[in-house]
Amino acid sequence: MRKRGRAGATHAGTAGGGRGRARTASLAANAPAAVSHSRAGLRLAFLAAAVSLVTAFMSAAAPIPLYNIYRAEDGFTNPGISMAIVTYSLGTIVGLLVLGRLSNHLGRRVPAIASLGLLLLGCLLLLNVHQIGVLLAARALMGVGTGLASSSLTSYVVDAAPTRPEWLASVASSQGPMLGLTLGAVASGAMVQFGQWPRQLIFEVCAGFLLLSAALVAMSPETAAPRPGAWRSLLPKLGVPARVRPLLPAAGSIFISTWATGAFYQAFVPALLEDQLHTGSPLVLGLVFACYMASSVLGAPLGGRLSALTAQRGGMIVFVAGMNSAAAAIYNSSLPVFIAATIVAGMGQGIAVSAATRGLLHGTRIVDRAPIFSVIYLLCYGGATILSLIAGGLSGILPLTYIALGYGGLALVAALFTIVRSPDLIW
């Protein structure tokens, strides 16, 4: 049996050798919520948490290839679809603000299973969508579910991750959502185009995976001991360790710009593919979205080989190059260039986001992780929500090509801000 006290200095930490080990020893005594487990138990917990995190976001991405079908068959509008993205993001923000610290008091497993249950309810609602209100209700439920998953499951992943390689915890926790979004979009696109029940099959599959994930979590050991104060934790409150605060401006610009771009791909790229790039295939739509997310997953380990400071700055330079090339490709109606640029942008996102997460997690105690992840995802979803509201309103009066150019400009501003404001104290 080994003490889970290494949670005191995160294995998501970076190079630092003896300094990192000394920090681990000094902080371990301050992690009263740590729980002792065998290595086999921790491996099971890591597997269950990682699979559940991917499954949660896979379910969240499942409706994306159906948006054009909802437009064509049910008369949904671009602003209406944009509002579905906003509703999902608002639900996530509510989940983070109200439920984000719950796993510090109930342990990781109960909130994790609850998050999977909310996503399951959202999938059941999506089995029969013909009115915009049903879509909004389902997306709100799924938003709250992913908000709760974003704090509980990501903390569970970091708690249980092996100490080697050191970047594994930050990559798994930051890129698990990207992998889930990739799988959800591709699987949904394929099932919509080739499945016998195009509007229902993907949600039935997601429901099965959610039930399996909940069973895995239920079988896994707890990594954070329950403690009093669960009801008080429901009062919205944000806070991060003092060491983290100087890192938030640069990290926030990365999270906001990259996740806002993900919302752009969900809300507007389906229509852009059909109108500007001349393809209405749900599978192609799913693959295009997957190009952005999958390349993010591939880029994250590359960033793990660099210092967090270098990876943040370099990742954002790659991201802005990809996004502006994608905007130009849309303007010139070039699907191959758009796909290539999307891959480049996703790669830059993966490098920058995982590096920002790594910097924020370095040296954290186990009780600090859920609040840190709550702040991370509040920045992600809050920025995406505000920008989606603005873009959705503008989409009624401006061509979508102009909206795409606007997101390219956002990427440029975020990259410049990150380069200027990334503190040198990032390891």
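So, here is what we can say about the structure in this document.

## Examining the packing of helix α13 (residues 308-331) against helix α16 (residues 400-421)
- Where α13 meets α16, the closest approach of the two axes is 9 Å, and the angle between their N-to-C directions is 165 degrees. Compared by their axis directions, α13 and α16 come out roughly antiparallel. Taken as a pair, α13 and α16 cross one another with a handedness that is left-handed. Contact residues: Q312, R313, M316, I317, F319, V320, M323, N324, A327, I330 and Y331 in α13; T401, A404, L405, Y407, G408, G409, A411, L412, A414, A415, T418 and I419 in α16.
- Broken down by class, the residue content of the contact of α13 with α16 amounts to 16 nonpolar, six polar and one charged.

## Considerations on the side chain of R139
- Looking at the element boundaries, R139 is found in helix α7 (residues 132-160).
- As a buried residue without a salt bridge, R139 has its nearest oppositely charged side chain in D74, at a separation of 14 Å.

## With respect to a nonpolar patch on the surface
- Taken together, the side chains of Y331, I386, I390, L394, I397, L398, Y402 and L405 make up a nonpolar region of the molecular surface, amounting to roughly 800 Å² of accessible area.
- At the level of elements, α15 (366-394) and α16 are the ones that each hand at least two residues to the nonpolar patch.
- The leading source of residues in the nonpolar patch is α15, at three residues.
- Along the chain, the position of Y331 falls in helix α13.
- Owing to a relative accessible area of 52%, Y331 belongs among the exposed residues under this scheme.

## Observations concerning the pattern of salt bridges
- Under the defined criterion, the tally for this structure stands at three salt bridges.
- For R199, the salt bridge is made with E73, and the minimal N-O distance between the two is 2.7 Å. Residue R199 is located in the loop between α8 (168-194) and α9 (201-219), and its partner E73 is located in helix α3 (residues 67-74); the two are separated by 126 residues in the primary sequence.
- R108 serves as the salt-bridge partner of D159, at 2.7 Å between the closest nitrogen and oxygen. Taken together, the residues D159 in helix α7 and R108 in the loop between α5 (103-106) and α6 (109-125) connect sequence positions 51 residues apart.

## Side note on the nonpolar core
- Within the largest apolar cluster, 111 residues are counted, with the highest numbers of intra-cluster contacts made by L135, F264, Y265, F268 and F338.
- Apart from residues no more than four positions distant in its own chain, F338 is found in contact with Y265, V269, L273, L277, V288, A326, A329 and I330.

## Quick look at the environment of S89
- One can find S89 in helix α4 (residues 78-99).
- Overall, the relative accessible area of 3% leaves S89 in the buried class.
- Separated by 297 residues in the primary sequence, S89 and I386 place their C-alpha atoms 9.4 Å from one another.
- Residues contacting S89, with those up to four places away along its chain left out, are Y381 and T385.

## Here we look at the packing of aromatic side chains
- Tallied over the full model, the rule gives eight aromatic pairs.
- For the ring pair F264 and F268, a centre distance of 6.2 Å and an interplane angle of 40 degrees mean the geometry is tilted.
- Classification of F264 as buried rests on a relative accessible area of 2%.
- With relative accessibility at 1%, the residue F268 sits in the buried group.
- Taking the centre distance of 5.9 Å and the plane angle of 20 degrees together, the rings of Y265 and F338 count as stacked. With Y265 in helix α10 (residues 248-267) and F338 in helix α14 (residues 335-361), this pair connects stretches of sequence that are 73 residues apart. In this structure, Y265 and F338 share a single accessibility class: buried.
- A cation sits over an aromatic face here: R139 above Y88, 4.5 Å from the ring centre.

## Here we look at unusual backbone geometry
- Unusually for a residue other than glycine, S333 sits at a positive phi of about 55 degrees.
- For S333, the location among the structural elements is in the loop between α13 and α14.

## Observations concerning α13
- Compared with an ideal rise of 1.5 Å per residue, which puts 24 residues at 34 Å, α13 spans 34 Å between its outermost C-alpha atoms and is within 8% of the ideal.
- In the segment just after α13, S333 is the residue with positive phi, at about 55 degrees.

## So, the side chain of T92
- Note on placement: T92 falls in helix α4.
- Using a relative accessible area of 0% as the deciding quantity, one classes T92 as buried.
- One polar contact links the side chain of T92 to the main-chain carbonyl oxygen of G143, over a distance of 3.0 Å.
- The contacts of T92, once residues within four sequence positions are left out, are G143, V144, T146, G147 and Y381.

## Looking at α9
- When the terminal C-alpha atoms of α9 are compared, their 28 Å separation across 19 residues agrees well with the 27 Å that a helix rising 1.5 Å per residue should span.
- Among the residues of α9, I202, F203, C206, A207, L210, S213, A214, L216 and V217 are the ones counted as buried.
- Elements in contact with the buried residues of α9: α2 (39-61), α3, α6, α7 and α8.

## Structural notes on the packing of α6 against α9
- Between α6 and α9, the shortest axis-to-axis distance is 9 Å and the interhelical angle comes to 170 degrees. One element, α6, and the other, α9, form an angle in the roughly antiparallel class. Each of R109, A112, I113, L116, L119, L120 and C123 in α6 lies in contact with α9, whose residues at this interface are F203, C206, A207, L210, L211, S213, A214, V217 and A218.
- Grouping the amino acids of the contact of α6 with α9 by side-chain chemistry returns 14 nonpolar, one polar and one charged.

Calculation criteria
Residues numbered from 1 in each chain as written. Predicted model: local features only at pLDDT ≥ 70, side-chain atom pairs only at ≥ 80, totals over all residues. Heavy atoms only, no water. Axes fitted to C-alpha atoms, helices over the stretch in contact; angles between N-to-C directions. Helix = DSSP H or I, 4+ residues; strand = E, 2+ residues; numbered from the N terminus. Parallel < 35°, antiparallel > 145°, perpendicular 65-115°, else oblique. Left-handed = near helix turned anticlockwise from the far one by under 90°. Contact = heavy atoms within 4.5 Å. Nonpolar A, V, L, I, M, F, W, Y, C, P; charged D, E, K, R; others polar. Buried < 20%, exposed > 50% of the residue type's maximum accessible area, 1.4 Å probe, protein only. Lys, Arg positive; Asp, Glu negative; His and termini not counted. Salt bridge = Lys/Arg side-chain N within 4 Å of Asp/Glu carboxyl O. Patch = residues over 30% accessible without salt bridge, like charges linked within 9 Å, V, L, I, M, F, W, Y side chains within 5 Å. Areas by Shrake-Rupley, 256 points an atom, 1.4 Å probe, with all protein chains shown as cover. Core = buried A, V, L, I, M, F, W, Y, C linked by side-chain atoms within 4.5 Å. Phe/Tyr/Trp six-rings, centres within 6.5 Å; stacked < 30°, edge-to-face > 60°. Lys NZ or Arg CZ within 6 Å of the ring centre and 35° of its normal. Expected span 1.5 Å × (residues − 1). Polar contact = N/O pair within 3.5 Å; in protein donor to acceptor, adjacent residues only side chain to side chain.

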